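The residues making up each chain are set out below.
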Amino acid sequence: MPRVLSSQNITASRTWQRTFSASMAAASQLPGLDPSKLTITKTTTPKELKESKDLVFGKYFTDHMLSVEWTATDGWHAPRIIPYQNLSLDPATCVFHYAFECFEGMKAYKDSTGGIRLFRPNKNMERLNKSSARIALPTIDGDALTKIIGELVKLDSRFIPDARGYSLYLRPTMIGTQKTLGVGPPGSALLYVIASPVGPYYPTGFKAISLEATDYAVRAWPGGVGDKKLGANYAPCILPQLEAASRGFQQNLWLFGEEEYVTEVGTMNLFIALKNKETGEKELITAPLDGTILEGVTRDSVLTLARERLGPKGWKICERKIRMSEVAEAAEEGRMIEVFGSGTAAIVSPVRNISYRGKTVDCGLKADEEAGEIALQMKNWMEGIQYGDEKHEWSVAL
């Protein structure tokens, strides 16, 4: 049954909203992030570079990190690039108790001339601000932060391998740092950025994965925070992934509601290519931005490239809800073309099959194939832009 709000609860909620709106308005008048105030303290103990073949995603880190403090009284403090180091936080810090934390995932690349590039950093900055605002953390000037991140990347550029498929993974993170057990908007925050050299997600090439459709757990709910990149979204997803792995599947596919709508695969957005049952038209389908899926930068890139380059070839590019039963039906009727996930780490991740209600749904790949034509095209198109082979507004030279 729907929850009935009393007039007292409604009044309290409106009071909190007015207070929060007033505090946000006041915060907007505080000093913003100023790149001209950046200070750099170089490490005196530089790390040894790892062999490219030994790089493991997210295991090794560069010499330096970016750190910027914020307070409700003084706004953004002067940014600092400092040697990579531990954080010192009071046990009562609100991030530990109420999950005031959001982050981004982006990469820096070396092009064929040795130049350094970022891929669509404006989209990461937009999403960081959406995430931080949703959990009452401060927003930040995206252009200013991108400029400072660029200085960090250039300082630690020796960690970026030259070979294709390698990059420097960047993790901007914002946490609430107020020391209190009271629940309310944090009066202080810390923004920091760390960097990790990474190799190809698939060192030996594409490897199509098998999924288990998850209908007993829900990743996100309408009106919730599933469309924000919050740390709190990830920990609850691990157990269903482990359960899927225990049954031999590489990832789980999140279904939603009685209709069993397809949403995300693991921590990636999902794309389904099939032939329309009524028209025979080729469609590339992904779930809509209805608040239950993450607004993936790679997702948006795939959609944009598909509309520009596949649309003229007869493909219909759709952002719509699709039931898992429709996916299974397309496979049974021979209308399935291919399925793949999309995300920063792998760009695209081909899917071989999906376990659904005790049956195996074939996702269109032949026995000797590890990726479909569209997934391969998207990978090549995207890497061509990321590494500067193709001149494109998404590739930002530092």
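About the cut-offs
Within each chain, residue numbers correspond to sequence positions counted from 1 in written order. Local features in this predicted model are restricted to residues of pLDDT 70 or higher, and side-chain atom pairs are both shown and tallied only at a pLDDT of 80 or more, whereas totals for entire chains, interfaces and linings draw on every residue. Excluded from the side-chain calculations are hydrogens and water; all other atoms, namely the structure's heavy atoms, are used. Two rings from Phe, Tyr or Trp (for Trp, the six-membered ring) form a pair when their centres are within 6.5 Å of each other. A pair whose planes differ by under 30 degrees is stacked, one over 60 is edge-to-face, and the rest are tilted. Only DSSP runs of H or I covering at least 4 residues are called helices, and only runs of E covering at least 2 are called strands; the numbering of each starts at the N terminus. Think of it in three bands: residues with accessible area under 20% of the maximum for their type are buried, residues over 50% are exposed, and the middle band is partly exposed, with areas taken using a 1.4 Å probe on protein chains only. Charge-over-ring contacts are defined here by two conditions on Lys NZ or Arg CZ: a distance within 6 Å of the ring centre and an angle within 35 degrees of the ring normal. Salt bridge, as used here, is a side-chain nitrogen of Lys or Arg placed within 4 Å of a carboxyl oxygen of Asp or Glu. Surface patches are defined over residues having more than 30% relative accessible area and no salt bridge, joining like charges when they lie within 9 Å and nonpolar side chains (Val, Leu, Ile, Met, Phe, Trp, Tyr) when within 5 Å. Surface accessibility in these figures is a Shrake-Rupley result with a 1.4 Å probe; residues are shielded only by whichever protein chains are displayed. The method works on a 1 Å grid over the protein atoms by themselves. A cavity is a set of points holding a 1.4 Å probe that cannot get out, a pocket is an open set with protein on both sides within 12 Å along at least five of seven lines, and residues with an atom within 4 Å of a point line them. Grid points are joined across faces, edges and corners, and a volume is the space filled by probe spheres set on the points. Each residue is assigned to one class: nonpolar for Ala, Val, Leu, Ile, Met, Phe, Trp, Tyr, Cys and Pro, charged for Asp, Glu, Lys and Arg, and polar for all the others, Gly among them. Marked domain ranges trace back to an automatic or database domain assignment. Here a polar contact is recorded for every N or O atom pair within 3.5 Å, except that within protein the pair must consist of a potential hydrogen donor and a potential acceptor, and residues adjacent in sequence are included only if both atoms are side-chain atoms. Whether two residues are in contact is decided by their heavy atoms: any pair within 4.5 Å suffices. For a helix, the expected span equals 1.5 Å multiplied by the number of residues minus one. Whether two strands pair comes down to DSSP finding at least two bridges between them. UniProt positions are given in the numbering used here, feature names are shortened, and annotations may be inferred rather than shown by experiment.

Counted by the stated rule, this structure contains 7 aromatic pairs. Between Tyr109 and Tyr387 the ring centres are 4.9 Å apart and the planes differ by 70 degrees, which places this aromatic pair in the edge-to-face class. On the criterion of sequence distance, the pair formed by Tyr109 in strand 6 (residues 106-110) and Tyr387 in the loop between helix 8 (373-386) and strand 19 (395-397) is long-range, its members being 278 residues apart. For Tyr387, a relative accessible area of 4% gives the class buried. On the numbers, 5.9 Å between centres and 90 degrees between planes, the contact of Phe119 with Trp394 is edge-to-face. One end of the pair, Phe119, is in strand 7 (residues 116-119); the other, Trp394, is in the loop between helix 8 and strand 19, with 275 residues separating them in the sequence. Judged by relative accessible area, which is 8%, Phe119 ranks as buried. When the ring centre of Trp381 is taken as origin, the NZ or CZ atom of Arg309, which lies over that ring, is 5.3 Å away.

Positive phi, close to 70 degrees, is recorded for Ile347, a residue that is not glycine. The residue Ile347 is located in strand 17 (residues 347-356) in this model. Since its relative accessible area comes to 7%, Ile347 is described here as buried. Positioned with a positive phi, Arg357 is a non-glycine residue whose angle comes to about 55 degrees. Structurally, Arg357 can be placed in the loop between strand 17 and strand 18 (359-362).

What follows covers the pattern of salt bridges. Think of it this way: side chains of opposite charge can pair up when their charged atoms draw near. Throughout the structure, instances matching the rule amount to 26 salt bridges. Close ionic contact of Glu333 with Lys277 constitutes a salt bridge, the shortest N to O distance being 3.6 Å. With Glu333 in the loop between helix 7 (324-332) and strand 16 (336-343) and Lys277 in the loop between strand 13 (268-275) and strand 14 (282-286), the pair connects residues that are 56 residues apart, well separated along the chain. Notably, a salt bridge pairs Glu333 with Arg335, separated by 2.9 Å at the nearest N-O pair.

Right, let's get into a nonpolar patch on the surface. A surface patch of nonpolar side chains, amounting to about 320 Å² of accessible area, comprises Tyr98, Leu181 and Val183. Looking at the secondary structure, you find Tyr98 in helix 2 (residues 94-98).

Throughout the structure, instances matching the rule amount to 5 cavities of 30 Å³ or more. Of the volumes computed, that of the largest cavity is approximately 120 Å³. Considering the residues around the largest cavity, the lining is formed by 14 residues, among which Tyr109, Phe119, Thr298, Thr344 and Gln386 are closest to the centre. Mapped by element, the contributors of at least two residues to the lining of the largest cavity are strand 6, helix 6 (297-309) and helix 8. In the lining of the largest cavity, the residues fall into 6 nonpolar, 7 polar and 1 charged. Domain assignment of the residues forming the lining of the largest cavity places at least three in each of domain 1 (35-198) and domain 2 (209-397). Roughly 80 Å³ of volume is contained in the second largest cavity. Class assignment of the residues belonging to the lining of the second largest cavity gives a composition of 7 nonpolar, 2 polar and 2 charged.

Assignment of secondary structure puts Thr173 in strand 8 (residues 167-176). The buried category is assigned to Thr173, whose relative accessible area is 4%. Within the structure, Thr173 has its side chain in polar contact with the backbone oxygen of Arg171 (distance 3.4 Å). Setting aside residues no more than four positions away along its own chain, Thr173 makes contact with Glu101, Cys102, Phe103, Leu190, Leu191 and Tyr192.

The next subject is helix 6. The end-to-end C-alpha distance of helix 6, which contains 13 residues, comes to 18 Å, matching closely the 18 Å that a straight helix rising 1.5 Å per residue would cover. Turning to helix 6, its buried residues number three or more, namely Val297, Thr298, Arg299, Ser301, Val302, Leu303, Leu305 and Ala306.

To continue, consider the pairing of strand 17. Buried residues dominate strand 17, accounting for 10 of its 10 residues. Pairing of strand 10 (residues 209-214) with strand 17, which is carried by 4 bridges, proceeds in the parallel orientation. Bridge pairing in strand 17 links Ser210 to Asn353. Relative to strand 17, strand 16 runs antiparallel, the two sharing 5 bridges.

With that settled, consider the UniProt feature "modified residue: N6-(pyridoxal phosphate)lysine" (unreviewed entry) in the chain. Sites flagged by UniProt as "modified residue: N6-(pyridoxal phosphate)lysine" (unreviewed entry) map to Lys229. In this fold, Lys229 is placed in the loop between strand 10 and helix 5 (235-246). The class for Lys229 is buried, based on a relative accessible area of 11%. Not counting residues up to four positions away in its chain, the partners in contact with Lys229 are Cys102, Phe103, Glu104, Gly105, Arg127, Ser131, Tyr234 and Leu294.

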